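Listed below, chain by chain, are the residues.
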Amino acid sequence: MKNITILGSTGSIGTQTLEVVRANDDLKVIALAAGSNIRLLEQQIREFKPRIACVWDEKNAKELKENVKDIDVKIVSGMDGLIECSTVSDINIVVAAIVGMIGIRPTIEAIKAGKDIALANKETLVTAGHIIMPLVEEYGVQLLPVDSEHSAIFQALNGEKGNEISKIILTASGGPFRGKKRSELVNIQVEDALKHPNWAMGRKITIDSSTMVNKGLEVIEAKWLFHTPIDKIEVVIQPQSVIHSAVEFLDGAVIAQLGTPDMRLPIQYALYYPERRMLSGERLDFFKLANLTFEKPDMDTFSSLRLAYEVGEIGGSMPTVYNAANERAVEKFLNRKIKYLDIPDIIEYCVREHKLIENPSVEKILDIEKTTYDIIESKW
Ligand SMILES: NC(=O)C1=CN([C@@H]2O[C@H](COP(=O)(O)OP(=O)(O)OC[C@H]3O[C@@H](n4cnc5c(N)ncnc54)[C@H](OP(=O)(O)O)[C@@H]3O)[C@@H](O)[C@H]2O)C=CC1
Ligand SMILES: CC(=O)[C@@H](O)[C@H](O)COP(=O)(O)O
Ligand SMILES: [Mn+2]
């Protein structure tokens, strides 16, 4: 039996993780954590019977507690609650599927408590990779990628760290605006940007895919996960999202992982690694694949991707500013407070204004996040 905690259980990755749990009777949910969707969390508590459940704010926690008073479950809230969920003594693995930098501290505490991590929350590694990776070594835990591209790379490497890598080929769909020029993006509305061509995901990552910030974050995520210099990570547009990523080795061999776009595969792979399990669902049919095409990314239109290479190379506090500026800009765009093209402009402005801090601590990272938010608030 594998005991798991799911942070972000009401989201896209969280609910798909619970689908994997439903299909496997040797996975037991011990703790669930969500932001504010207490209706769905209540259903999940009733179905999966965790011992602990967390919601972010205390008012929602009180309401949930009242609603589930017929069930033996402890309801907690806030950061302390998230950390309690991620450090329960008898859990084996934490699925880190909260969106955003709020995931940093519960992930760090889980590692310190000796838990393996199935990591979907890329923002944590982008901003705190220099803290997380040494902790993973120190505490001897496994950090298993859930992000589809990183799972593909991990599968291509078969779990090796890859000192024989010549380059990583990180594929991207190109998003809904692939092929468009900046001038054509002036009037993009929220609904347009939320139409991902291949994947059904949460709102924030869907916007990130449309700006290609998602790919920028993934370049930095890959740098940390696979100990690979940024200049050995090449983004290739693969509009069909069939090739989930690949590794080119020193001898020229290229090993890729292909499949239908289904996040249950990387989730299940992380939960059972190094074992593979049966997974229901559509199979890739090579005879039905009309064509597989490839393009270079347009880094003039999607300038945030070029900027990600820059901040990823510099390191230190720069990726935190890039990520925090994006998180706040996307939130504002989703709330219709700014225009679509303000997103890359805000990120660029915040990055250019920032004075580099080498090796920021967690406290400093959270400080920089706040300062970045304040700058955005004062100007936009
Ligand atoms: N969706 C996908 O296919 C992929 C996602 N990822 C990454 O996985 C992460 C999750 O993405 P996704 O599932 O799409 O996002 P969603 O927006 O669908 O879900 C986010 C989850 O985080 C929860 N949450 C938000 N704020 C808090 C908080 N303060 N405390 C506790 N929980 C909180 C939400 O709760 P609630 O809804 O109740 O407020 C929800 O359960 C992101 O980092 C994303 O980049 C990576 C690859 C693919
Ligand atoms: C499913 C997943 O891992 C997402 O990160 C996805 O890759 C987004 O697609 P883009 O390639 O369009 O960013
Ligand atoms: Mn991805």
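An unreviewed UniProt entry lists the protein chain under the name 1-deoxy-D-xylulose 5-phosphate reductoisomerase, with Anaeromicropila herbilytica given as the organism. What UniProt records for the protein chain under Catalytic activity (unreviewed entry) is the sentence "2-C-methyl-D-erythritol 4-phosphate + NADP(+) = 1-deoxy-D-xylulose 5-phosphate + NADPH + H(+)". UniProt, in its Pathway (unreviewed entry) section for the protein chain, records the words "Isoprenoid biosynthesis; isopentenyl diphosphate biosynthesis via DXP pathway; isopentenyl diphosphate from 1-deoxy-D-xylulose 5-phosphate: step 1/6."

Undergrad: Which residues make up the sheet that holds strand β10 (residues 243-249), and what values do they have?
TA: Taken in spatial order, the four strands make up an open sheet running β9-β8-β10-β11, and their pairing is mixed. The sheet terminates laterally at β9 (233-237) and β11 (254-258), the two strands that pair on one side only. Across the sheet, the axes of successive neighbouring strands diverge by a mean angle of 20 degrees, strand direction being ignored. As paired strands, β10 and β11 are joined by five bridges and run antiparallel to one another. Across the sheet, residue S245 finds its bridge partner in β11, namely Q257. Contacting β8 (165-172) and β9, helix α10 (residues 213-225) runs over the sheet at an angle of about 155 degrees to β8.

Undergrad: How would you explain the pairing of strand β4 (residues 74-77) if you had to name every residue and give the values?
TA: Residue alternation in β4 divides its side chains into a buried set, I75 and S77, and an unburied set, K74 and V76. Sheet topology places strand β3 (residues 52-55) next to β4; four bridges connect them, and they run parallel. Residue pairing in the sheet places C54 in a bridge with V76 of β4. Handedness of the crossover joining β3 and β4 through helix α3 (residues 58-67) is recorded here as right-handed.

Undergrad: Account for the site of ligand 1, naming residues and giving values.
TA: Taken together, 30 residues are adjacent to ligand 1, and G11, G35, N37, M201 and G202 come closest. Of all elements in the fold, only α1 (12-22), β2 (27-34), α6 (122-139) and α9 (203-211) reach the threshold of two or more residues within the shell around ligand 1. Split by residue class, the shell around ligand 1 holds 13 nonpolar, 12 polar and five charged. Looking at the shell around ligand 1, you find at least three residues from each of domain 1 (2-145) and domain 2 (150-314).

Undergrad: Go over the site of ligand 2 with me, naming the residues and quoting the values.
TA: By nearness alone, every residue bordering ligand 2 is listed as D147, S148, E149, A172, S173, G175, W199, S209, N214, K215 and M263. Secondary structure elements with two or more residues in the shell around ligand 2: α7 (148-157) and α10. Within the shell around ligand 2, the residues separate by chemical class into three nonpolar, five polar and three charged.

Undergrad: Before we move on, could you go through unusual backbone geometry and cite the residues and values that matter?
TA: Residue Y273 is joined to P274 through a cis peptide bond whose omega torsion reads 10 degrees. When you line up the elements, P274 lands in the loop between α11 (264-272) and α12 (303-314). Not every positive phi belongs to a glycine, and K49 is a case in point at roughly 50 degrees. One can find K49 in the loop between α2 (38-48) and β3. Classification of K49 as partly exposed rests on a count of 13 C-beta atoms within 10 Å.

Undergrad: Outline the UniProt feature "domain: 1-deoxy-D-xylulose 5-phosphate reductoisomerase N-terminal" (unreviewed entry) in the protein chain, supporting the account with residue identities and numerical values.
TA: Following the UniProt record, one finds the feature "domain: 1-deoxy-D-xylulose 5-phosphate reductoisomerase N-terminal" (unreviewed entry) at residues 4-129. The span residues 4-129 carries 46% helix and 22% strand; its end-to-end C-alpha distance comes to 23 Å.

Undergrad: Residue-level account of the environment of G8, with values.
TA: Relative to the helices and strands, G8 resides in the loop between β1 (2-7) and α1. We classify G8 as buried; it has 26 C-beta atoms within 10 Å. In this structure the C-alpha to C-alpha distance between G8 and I230, which are 222 residues apart in sequence, comes to 29 Å. Residue contacts for G8: discarding those within four places in its chain leaves I13, G14, A33, A34, A97, I98 and V99.

The rules behind the values
- Per-chain numbering applies: the sequence of each chain, read as written, is numbered from 1 onward.
- The order in which chains are written sets their letters, starting at A; the order in which ligands are written sets their numbers, starting at 1.
- Restriction of local features to residues with pLDDT of at least 70 applies here, the model being predicted, together with a cutoff of 80 or more for giving and counting side-chain atom pairs; totals for whole chains, interfaces and linings are based on all residues.
- UniProt positions are given in the numbering used here, feature names are shortened, and annotations may be inferred rather than shown by experiment.
- Here, any two strands with at least 2 DSSP bridges between them count as paired.
- Secondary structure is summarised from DSSP: a helix means a run of H or I of at least four residues, a strand means a run of E of at least two, and numbering begins at the N terminus for each.
- Axes, fitted as lines to C-alpha atoms, cover a helix only where it is in contact. Angles between the N-to-C directions of the axes lie from 0 to 180 degrees.
- C-beta atoms are first placed from the backbone for all residues, and any pair lying within 7 Å is then listed as a contact.
- As a rule, residues whose C-beta atom has 12 or fewer other C-beta atoms within 10 Å are exposed, those with 20 or more are buried, and those in between are partly exposed; C-beta atoms are placed from the backbone.
- Crossover handedness is defined by viewing with both strands directed away from the observer: a clockwise path from the first strand over the helix to the second marks the crossover as right-handed.
- Any residue whose C-beta atom, as placed from the backbone, lies within 6 Å of a molecule or strand is termed near it.
- Asp, Glu, Lys and Arg are counted as charged, while Ala, Val, Leu, Ile, Met, Phe, Trp, Tyr, Cys and Pro are counted as nonpolar; the rest, among them Gly, fall into the polar class.
- Boundaries of every domain are those given by an automatic assignment or by a domain database.

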